[in-house]
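A closer look at the structure
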Amino acid sequence: VRDLPDLKGSIKSAFDGHIFKGNYEPGEILFQAQRSGQSEPGRWFSPVRPINSDHAQEMLNIRKWGNDASQVKVYKVKERVSGHAGKVAGGSGHQFLPPSDIPLEEVIEEILY
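Below you will find a few notes about this structure. (Residues numbered from 1 in each chain as written. Predicted model: local features only at pLDDT ≥ 70, side-chain atom pairs only at ≥ 80, totals over all residues. Heavy atoms only, no water.)

Another aspect to go through is the nonpolar core. By size, the foremost hydrophobic cluster in this structure holds 12 residues: Y24, L30, F45, Y75, V77, V81, A85, F96, I102, L104, V107 and I108. Of all the secondary structure elements, the ones that give two or more residues to this core are β3 (71–77), β4 (81–88) and α3 (104–107). Apart from residues lying up to four places away in sequence, F96 is in contact with G22, Y24, L30, R43, W44, F45, V81, S82, G83, H84 and A85. Ranked by size, the runner-up nonpolar core spans 7 residues in total, among them A56, M59, L60 and A69. (Core = buried A, V, L, I, M, F, W, Y, C linked by side-chain atoms within 4.5 Å. Buried < 20%, exposed > 50% of the residue type's maximum accessible area, 1.4 Å probe, protein only. Helix = DSSP H or I, 4+ residues; strand = E, 2+ residues; numbered from the N terminus. Contact = heavy atoms within 4.5 Å.)

Applying the stated criterion across every chain yields a total of 3 aromatic pairs. Seen in terms of ring centroids, Y24 and F96 are 4.7 Å apart; in terms of plane orientation they differ by 65 degrees. Their pairing is edge-to-face. Taken together, the residues Y24 in strand β1 (residues 15–24) and F96 in strand β5 (residues 94–97) connect sequence positions 72 residues apart. Here Y24 matches F96 in class, with each residue buried. Summarising the aromatic geometry, the rings of F45 and Y75 are spaced 5.8 Å apart at their centres and angled 85 degrees between planes, so their arrangement reads as edge-to-face. One end of the pair, F45, is in the loop between β2 (29–34) and α2 (53–60); the other, Y75, is in strand β3, and 30 residues separate them in sequence. Both residues of the pair, F45 and Y75, count as buried. (Phe/Tyr/Trp six-rings, centres within 6.5 Å; stacked < 30°, edge-to-face > 60°.)

With that settled, the discussion passes to the sheet that holds β2. With antiparallel pairing, the 3 strands of this open sheet are ordered in space as β2-β3-β6. In the strand order of this sheet, the two ends are held by β2 and β6 (108–111), each with one partner. Adjacent strand axes in the sheet meet at a mean angle of 35 degrees when their direction is disregarded. Sheet analysis places β3 next to β6, joined by 4 bridges and oriented antiparallel. Along β6, the bridge assignment pairs V77 with I108. (Pairing = 2+ DSSP bridges. Axes fitted to C-alpha atoms, helices over the stretch in contact; angles between N-to-C directions.)

See below:
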C-alpha cells in the first residue's frame, strides 16, 4: 500500500469514522455517479454501483456537491492503485479516493458493464 498523506478539511470530513488506506488491484471494478454532461472521471469512486440518482444520493451524499448523478460510469482498474477508503459521511455507502497526484488515465479505464 502506497504511503498516503493524512486527509484534512472538507476532504477528511467527507468520510465518517475510520479512514482506511487500501488499494484496488488490476481487474477490479469501481463505479462513479456523475453529473449531467460530465465526460472525465472525478476523483471519488464507489465499490457499489448506484441503481439510480436517488440511490446514489442515499449512498454517496453527492447532491450537496452539485452532482445530480444523472449517469453512472464503470471503471476497471488497470494498475494497482492505493488511496483512502471509508464510509461516506451523511450516506450509507463507502467511497474510494486515490491521491490527486495519480493520473487517473494511468490506473483506470472506462468500460461498458
